[in-house]
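Descriptive structure summary
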Amino acid sequence: CEGIAAFHEPITYSAQCHMRELRWARDPEWARGVLRTFREHQKSDGSFNGRVYVDHLEGTDFYHADWGGALLALDAVHPSDAFLREVLPGLARYGEWLILTRDPEGRGLFDVVDQYETGQEYMSRYQAVDPDADRYGWENRLRVKGVDVTVYAYALFRALEELGPRGGLDPAVWAARAGKTGKALLHKMWDREGEMFSDLDPQTGRRTQVRAAVCFYPYATDLVGADHLPGFTQHLFDAEEFWTPFPVPSSSRKDPLYDPDAAWKGKRHNCPWNGRVWPMTNSHVAEAIARVALHHVPALRARLAEFVAKYVRMMFWDGDAERPNAFEHYHPVTGRPSAYRGIDDYQHSWINDLLVQYVVGLRPAGRGRLVVDPMPFALEGFEARGLPMQGASVDVRCSGSDFSVRVNGREAGRGTMGTPVQVDL
């Protein structure tokens, strides 16, 4: 479930995160069950219920989610052709629904039709297209081609392409769709002058040029190249935009509606995205930094360590290591949580997954192979035991700058911080 009280039900926006967190459980059925819950209650048109209540499916809302990225992450640790045969047909139907209803023009870019379905209410990215977008009862009247939902669609199509042969799908169909969406995202959503990705107003065909944290999501994919990298570092690591003491705010500090205290147009709201730090976004941004650091700019490994350390530190009361918490959103300067809502234990991000991948450094590297490559965190040492990896059990122990890897109790490799060690299973 996403959280407590009214959030104590499976919700698609957080389910993508739960799959990533639970992939490090020894029993993969926990993570698989997250997707099964929505697959088994899939609507006849191919869409997913946004919520699955315990005794009804009325008023379930809809949320966009990164199903493709989550499934690829799970399969990399716990591969199962039987599970893929079970769930891929449903995900393919969902992909067809997205294309039919959210890309009616066939551009390869995908619509947001109200501010709630992204889980990101009250921000300038919607007002730039429709000044009434923040009104209650305005659902399904907005239309904006969203960077985040287009990235989600691209990741889904890539997952169906990559995993399709093992799950009974034609990969060529989804390869073509992924190629179309990837090309459109680069050509239409990249603002060369502003050096940032941007939502698109489908009525005018113009980029909105609103700077939001979701504009960094494409950097977590294989789409970006050398031309996009200067803008990434220029905007993300700018203290006047996104690099706050507790990064990153959902909207740039230069946004005209930016407010770090949860106020929207002078009134404090439950779920404002005009300047608060949302763990959901931070998990995505962490993956973006990681991808750029690992594939393009190695110097950003230190930035990744800094970001994850600040992110995790934020989620403790007053910096007390004995008092972890998880709230919906936080103050970007003080790190104060949204305690005024009375809602904690709010699980719509992935954190343990970041710790395993980048603190411990354990990441899958294809079938039958793993890599151990810890980022430069300021730790004297650590030990992680019994982490699952494609049917094996992995232990990683680090002391100072040296680390060792054991697979099923046997030593499999040794390395030094900054030099990845690859291990065949």
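Details of the structure are given in the entry above.
In this report, we go over the structure that sits alongside the text. For clarity, every value in this text was computed on a predicted model and none was experimentally measured.

This next bit is on the packing of aromatic side chains. Within this structure, the stated rule accounts for 23 aromatic pairs. Considering the side-chain rings of Phe216 and Phe232, the 5.9 Å spacing of their centres and the 85° angle between planes classify their relative orientation as edge-to-face. Placement of Phe216 in the loop between β6 (206–207) and α8 (229–236) and of Phe232 in helix α8 is noted, with a sequence separation of 16 residues between them. Exposure remark for Phe216: the relative accessible area of 1% places this residue in the buried category.

Hydrogen bonds between backbone groups are what pair the strands of a sheet, and the pairing can be parallel or antiparallel. Strand order in the open sheet made by the four strands is β11-β12-β13-β14, with antiparallel pairing throughout. Across the chains shown, the open sheet's two edge strands, defined by having one partner strand only, are β11 (381–389) and β14 (410–416). In this sheet, adjacent strand axes meet at a mean angle of 15° when their direction is disregarded. Pairing geometry for strand β13 (residues 402–407) and β14, over six bridges, is antiparallel. By the bridge assignment for β14, Val407 is matched with Arg410.

Once that is clear, we can look at the sheet that holds strand β9 (residues 362–364). With antiparallel pairing, the three strands of this open sheet are ordered in space as β9-β10-β15. Since the sheet does not close on itself, it has two edges, and those belong to β9 and β15 (421–424), each with one partner. In this sheet, neighbouring strand axes are inclined to one another by 25° on average, regardless of whether the strands run parallel or antiparallel. Where strand β10 (residues 369–372) meets β15, four bridges bridge the pair, whose relative direction is antiparallel. Of the residues in β15, the one forming a bridge with Arg369 is Asp424. Helix α11 (residues 352–360) contacts β9 and β10 of the sheet and is inclined by roughly 105° relative to β9.

About the criteria used
- Residues numbered from 1 in each chain as written.
- Predicted model: local features only at pLDDT ≥ 70, side-chain atom pairs only at ≥ 80, totals over all residues.
- Heavy atoms only, no water.
- Phe/Tyr/Trp six-rings, centres within 6.5 Å; stacked < 30°, edge-to-face > 60°.
- Helix = DSSP H or I, 4+ residues; strand = E, 2+ residues; numbered from the N terminus.
- Buried < 20%, exposed > 50% of the residue type's maximum accessible area, 1.4 Å probe, protein only.
- Pairing = 2+ DSSP bridges.
- Axes fitted to C-alpha atoms, helices over the stretch in contact; angles between N-to-C directions.
- Contact = heavy atoms within 4.5 Å.

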